[in-house]
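# Coordinate analysis (summary)
If you want the building blocks of each chain, they are given just below.
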Amino acid sequence: MFSVAVIEDASAAEVSLDPVRARLLAELAEPASATMLAARVGLPRQKVNYHLRTLEAHGLVELVEERRKGNVTERMMRATASSYVISPAALAAVQPDPAQSPDRLSARWLLAVAGRLVRDVGLLITGGEKAKQRVATFAIDGEIRFASAADRAAFAEELATAVTGLVGKYHDETAEKGRPHRVVVAVHPSIPEDSRGA
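Residues numbered from 1 in each chain as written. Predicted model: local features only at pLDDT ≥ 70, side-chain atom pairs only at ≥ 80, totals over all residues. Heavy atoms only, no water.

### Some thoughts on the overall build of the protein
Each helix and strand counted, the protein has 6 helices and 4 strands in total. Element order for the protein, N to C, with α for helix and β for strand: β-α-α-α-α-β-β-β-α-α. Relative to the globule expectation of 16 Å for 198 residues, the C-alpha radius of gyration of the protein, 22 Å, shows a markedly less compact shape. Counting the 198 residues in the protein, one finds 20% classified as buried. A fraction of 58% describes how many contacts in the protein between residues 6 or more apart in sequence connect residues 24 or more apart. Taken as a whole, the protein presents about 14,600 Å² of accessible surface, with 55% of it coming from carbon and sulfur. (Helix = DSSP H or I, 4+ residues; strand = E, 2+ residues; numbered from the N terminus. Rg over C-alpha atoms; globule rule 2.2 N^0.38 Å. Buried < 20%, exposed > 50% of the residue type's maximum accessible area, 1.4 Å probe, protein only. Contact = heavy atoms within 4.5 Å. Areas by Shrake-Rupley, 256 points an atom, 1.4 Å probe, with all protein chains shown as cover.)

Written out as structure tokens, the structure reads:
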């Protein structure tokens, strides 16, 4: 089971957004059968089985084992990931394009950049899995408290200067075997823990 998986297919995204199926995905952090899930979620086993087959057809759950119980074979299922992110690629016709309005101070532009990041990393993960290779990535995530808006603006300017200097130092347009990498640096207000997912 992956810690996080990216849903790139529109039909898989639609399936995952159904409230009953989303609940089943959450319940399937640990393997369970349709009978076990039916008792937990208060639905008939047949209905749970239908939803499980739909989730399985879209690669969101997988068969862990089959157990024989009398004349019945019980299928133990598990979610393929602990959590899922829906890629903007699932909405290809309307996915955000940061090139349309590049404004590094705009929250909406930051959202478009973040959407592209989710799409690109999702595609890299999918490609890496097919090639049985790990994807070389790096991220920094932290929190900083600014005393004033002026300090925040000064920090952003110094950060931009530092990153621009590093890019200038290491970027080699002539490197024959070089591979381009995207650099994304973002600063935004933190969301209080108790407001997340509300």
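### Brief notes about helix α5 (residues 107–131)
In this model α5 runs 36 Å from its N-terminal to its C-terminal C-alpha over 25 residues, within 8% of the 36 Å that 1.5 Å per residue would give. Of the positions making up α5, those classed as buried are Ala112, Val113, Gly115, Arg116, Gly122 and Gly128. In this structure, the buried side of α5 is in contact with β1 (2–7). The N-cap residue of α5 is Ser106: its side-chain oxygen and the backbone nitrogen of Arg108 are 3.2 Å apart. One or two positions beyond α5, positive phi appears at Lys132, with a value near 55 degrees. (Expected span 1.5 Å × (residues − 1). Polar contact = N/O pair within 3.5 Å; in protein donor to acceptor, adjacent residues only side chain to side chain.)

### A few points about the side chain of Thr80
Within the secondary structure layout, Thr80 lies in the loop between β3 (72–79) and β4 (81–86). Residue classification places Thr80 among the buried residues on the basis of a relative accessible area of 14%. Polar side-chain contacts of Thr80 include one of 3.1 Å to the side chain of Tyr84.

### Observations regarding the packing of helix α2 (residues 19–27) against helix α4 (residues 45–57)
Following both chains from N to C, one finds α2 and α4 inclined at 80 degrees, their axes separated by 10 Å at the closest point. As judged from the angle between their axes, α2 and α4 are roughly perpendicular. The segment α2 lies against α4, with Val20, Arg21, Leu24 and Leu25 engaging Val48, Tyr50, His51, Thr54 and Leu55. For the contact of α2 with α4, the per-class residue count stands at 6 nonpolar, 2 polar and 1 charged. (Axes fitted to C-alpha atoms, helices over the stretch in contact; angles between N-to-C directions. Parallel < 35°, antiparallel > 145°, perpendicular 65-115°, else oblique. Nonpolar A, V, L, I, M, F, W, Y, C, P; charged D, E, K, R; others polar.)

### Quick look at the pattern of salt bridges
In the structure shown here, the tally under the stated rule is 9 salt bridges. The residue Arg23 makes a salt bridge to Glu27 at a minimum N-O spacing of 3.3 Å. Here Arg23 pairs with Glu27, and both are found in helix α2, just 4 residues apart, close to one helical turn. Here Glu27 falls in the partly exposed class, since its relative accessible area comes to 22%. Put simply, Arg67 and Glu65 hold a salt bridge, and the shortest N to O gap is 3.4 Å. Judged by its relative accessible area of 36%, Arg67 falls in the partly exposed class. Taking relative accessible area as the criterion, Glu65 reaches 35% and is therefore assigned partly exposed. (Salt bridge = Lys/Arg side-chain N within 4 Å of Asp/Glu carboxyl O.)

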